[in-house]
Amino acid sequence: MNQPEASVAIQVLPDVQGEELLRIVDEVIAYIKSCGLPTYVGPFETTIEGDYDKLMDIVKQCQKICIQAGAPSVMSYVKIAFNPKDGVWSIDKKVTKHHS
């Protein structure tokens, strides 16, 4: 696929404090990276691109990871770009020029 079908940016906010927050968020990021899709970790959210259905499964699992890691609840902010016909701009196209 030349252009990804979808792009998702997710920010998880487990209901915990201090270093515990970082620990759980790091678990979520590790899971996202393990999925093998193009990923960009930013200071407030992580962006993933690929097949829409796979991305939605990843978003769902991120919530469960927070709870399994000890958070009593989690709030998530998700942005979705979806264009099954023509694809969406890739992470590289959007940010590489700003990081060279």
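Bear in mind that the values here come from a model prediction, so they are computed numbers and not experimental data.

The way to describe two aromatic rings as a pair is by their centre distance and the angle between their planes. Tallying each qualifying case throughout the model produces one aromatic pair. Above the plane of the ring of W89 lies K93, whose end atom (NZ or CZ) is 5.6 Å from the centre.

Before going further, it helps to spend a moment on the pattern of salt bridges. Inspection of the entire model under this criterion finds three salt bridges. A salt bridge links R23 to E20, with the nearest nitrogen and oxygen atoms 2.6 Å apart. Placement of both R23 and E20 in helix 1 (residues 18-34) is noted, with a separation of three residues, approximately one turn of the helix. For R23, a relative accessible area of 33% gives the class partly exposed. Given a relative accessible area of 31%, E20 falls into the partly exposed group. With a shortest N-O distance of 3.3 Å, K79 and E45 are connected by a salt bridge. Here K79, found in strand 4 (residues 74-82), pairs with E45, found in the loop between strand 2 (39-41) and strand 3 (46-50); they are 34 residues apart in sequence, far enough to count as distant. For K79, a relative accessible area of 52% corresponds to the exposed category.

On to the nonpolar core, then. Ranked by internal contacts, the top residues of the largest apolar core, which has 19 residues, are I10, V12, V28, I32 and C62. Elements with a minimum of two residues in this core: strand 1 (6-14), helix 1 and helix 2 (52-68). The biggest single contributor to this core is helix 2, with six residues. Beyond its immediate stretch of four places on either side in the chain, I32 contacts I10, T39, T46, I48, I58 and C62.

Once that is clear, we can look at the layout of surface pockets. Roughly 270 Å³ of volume is contained in the largest pocket. In terms of lining residues, the largest pocket is bounded by 17 residues, among which Q11, V12, V25, P43 and F44 are the most central. For the lining of the largest pocket, the secondary structure elements donating two or more residues are strand 1 and helix 1. Residue contributions to the lining of the largest pocket peak at seven residues, all from helix 1. The residue makeup of the lining of the largest pocket, split by class, is twelve nonpolar, three polar and two charged.

Conventions adopted
Residues numbered from 1 in each chain as written. Predicted model: local features only at pLDDT ≥ 70, side-chain atom pairs only at ≥ 80, totals over all residues. Heavy atoms only, no water. Phe/Tyr/Trp six-rings, centres within 6.5 Å; stacked < 30°, edge-to-face > 60°. Lys NZ or Arg CZ within 6 Å of the ring centre and 35° of its normal. Salt bridge = Lys/Arg side-chain N within 4 Å of Asp/Glu carboxyl O. Helix = DSSP H or I, 4+ residues; strand = E, 2+ residues; numbered from the N terminus. Buried < 20%, exposed > 50% of the residue type's maximum accessible area, 1.4 Å probe, protein only. Core = buried A, V, L, I, M, F, W, Y, C linked by side-chain atoms within 4.5 Å. Contact = heavy atoms within 4.5 Å. 1 Å grid on protein atoms, 1.4 Å probe; cavity = no way out; pocket = protein on both sides within 12 Å on 5 of 7 lines; lining within 4 Å. Points joined across faces, edges and corners; volume = space filled by probe spheres on them. Nonpolar A, V, L, I, M, F, W, Y, C, P; charged D, E, K, R; others polar.

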